[in-house]
Amino acid sequence: MTPIVAIVGRPNVGKSTLFNRFAGQDLAIVFDEPGVTRERHYADAHLHGRDITLIDTGGFDPLSKDPLGVGIVRHVEAAIAEADAILCILDGTAPPTSADREAVALLRRSKKPVLYAANKADDQNKALVANDLYTLGVDRIFPISATHGRGLHELEASLVALLPPPAGEPSDDENKGLPRVAIVGRPNAGKSSLFNRLAGEERALVDARPGTTVDTVDTRVVLAGQAAILVDTAGVRRKTKVDTGVESASVMRAIRAVGRADVVVVLCDATLPVAEQDARLLGLAADRGRAVIIGLSKADLLDRDARSKVSQAARDTMHFATWATTVLLSARTGEGVAELEKTIVTAYQAFHRRVGTGELNRFFRDVLERTPPPTHGGKAPRLYYVTQAETAPPVFVVMCNAPEAVKASYQRFVANQIRKFFGFDYVPVLVHFRGRTKK
Ligand code: GDP
Ligand code: GDP
């Protein structure tokens, strides 16, 4: 499990500059959907030999809406509840403000590993100014410059040293090979209600894992006759005050759950318009290559007219993962829940499916040879064969003479054809084109 590091601090101290520097190229993601740019406030990074997931909490509260930095306290609370470690960024060129004091007081009281950095210490003189910040009463402040890269090496090393040791996967042999399902969604989407519906009488604690600073709890359930695990449901059951509305908290929680799941149910309240936040959670699951189902909850509150529109509306907003399906459901009446269970099982099977060579050859003959890539830049790419390199999610490799001449539109075409041909429903399909000189 990858530890989550939250970057907190007042607006304008340089959080996103630091985030971008640490995240680097990992911000770019390529999947089989058309290339839409989505704003991302979380990213995987590799620091000093450790993989971590970074969250830029400031990104969730645009500066314009929060000129006084009031939001910092809410984000600090969210980070204390959900992150494994916290990086608190201060402005090294200015005296501490009351928002800084409040944040630091909260952080010092928490049991979380926290590092403090004074940013914009671009040179030695400015680094001295940063010393004023010691009036905040913390033991150590790292002078850094996010734009110049100054002091970052030391900060990274200390951060990695603070992280909980890498925990091995749980030794729950009994649960090996079972579908792992995460339910994510905004506060009040109906996650706990759905959880209770799915868990029913089977509900039992199977794995309260120590070794991480944030509890993760898995629950064994039966879905459409198939044993399965609902992962990371602690947050769903244990309501904390940060649940009420801090988006960075639900994203941190979702990242943790998605990381441990095969199938992700993104639950949206169907009585509300689908929001940016829903799309972000879907994007998170899609980027991480999980099978995804969009659950539209509270169907019992919709009239016939609204019912017919809601699925389409959700798909329109979340168009970047066209392969994700929607299921209209009600945890209250139980409507749609059986369908959701069946869909989860189908998605799980597709997620782990391996296609045989014979079938792939047939696909190659019937589809790729019939519709070869168009000529591009004077080059006619020639395809040789296709293999499945990985499952969970499925990754295919098409060998060809000129991969650079295969356009993105053709790559998407191949991914979609593979999905249709082999029934990879509700899962992302990744296709790489690789060069090989002709024998
Ligand atoms: P955020 O609101 O905390 O995410 O802050 P930003 O990352 O958007 O940075 C706010 C401003 O500070 C931008 O104009 C940055 O270019 C600038 N900035 C960030 N880091 C540094 C730094 O290390 N040195 C200097 N001089 N400016 C910086
Ligand atoms: P969570 O914050 O995502 O875990 O959401 P909850 O499960 O706590 O539900 C939030 C609110 O929506 C509660 O008042 C629930 O009673 C209500 N709710 C959840 N599911 C349904 C549903 O299927 N139908 C109706 N009418 N209300 C629901």
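Located above this text is the structure these notes cover.
Thresholds, definitions, all that
- Residues numbered from 1 in each chain as written.
- Chains lettered and ligands numbered in written order.
- Predicted model: local features only at pLDDT ≥ 70, side-chain atom pairs only at ≥ 80, totals over all residues.
- Heavy atoms only, no water.
- Near = heavy atom within 4 Å.
- Polar contact = N/O pair within 3.5 Å; in protein donor to acceptor, adjacent residues only side chain to side chain.
- Areas by Shrake-Rupley, 256 points an atom, 1.4 Å probe, with all protein chains shown as cover.
- Nonpolar A, V, L, I, M, F, W, Y, C, P; charged D, E, K, R; others polar.
- Buried < 20%, exposed > 50% of the residue type's maximum accessible area, 1.4 Å probe, protein only.
- Helix = DSSP H or I, 4+ residues; strand = E, 2+ residues; numbered from the N terminus.
- Pairing = 2+ DSSP bridges.
- Right-handed = clockwise from strand over helix to strand, strands pointing away.

Caption draft 1: Seen up close, the site of ligand 2. Neighbouring ligand 2 are 15 residues; Asn188, Lys191, Ser192, Ser193 and Asp300 lie closest to it. A distance of 3.2 Å separates an oxygen atom of ligand 2 from a polar backbone atom of Ala189. At 3.2 Å from an oxygen atom of ligand 2 is found a side-chain nitrogen or oxygen belonging to Ser330. Across the complex, the protein chains shield 79% of the 570 Å² of accessible surface that ligand 2 would expose by itself. Of the residues assigned to the shell around ligand 2, the class counts are four nonpolar, five polar and six charged.

Caption draft 2: Layout of the pairing of strand E12 (residues 291–297). Counting buried residues in E12 gives seven out of seven residues, a clear majority hidden from the surface. Of the two faces of E12, the one carrying Ala291, Ile293, Gly295 and Ser297 and the one carrying Val292, Ile294 and Leu296 are both buried. With seven bridges joining them, strand E11 (residues 263–269) and E12 adopt parallel strand pairing. Residue pairing in the sheet places Leu267 in a bridge with Gly295 of E12. With helix H9 (residues 276–287) bridging E11 and its parallel neighbour E12, the resulting β-α-β unit is right-handed. In this structure, E12 lies alongside strand E13 (residues 325–328), joined through four bridges in parallel fashion. Bridging across to E13, Gly295 finds its partner in Val327. Handedness of the crossover joining E12 and E13 through helix H10 (residues 304–317) is recorded here as right-handed.

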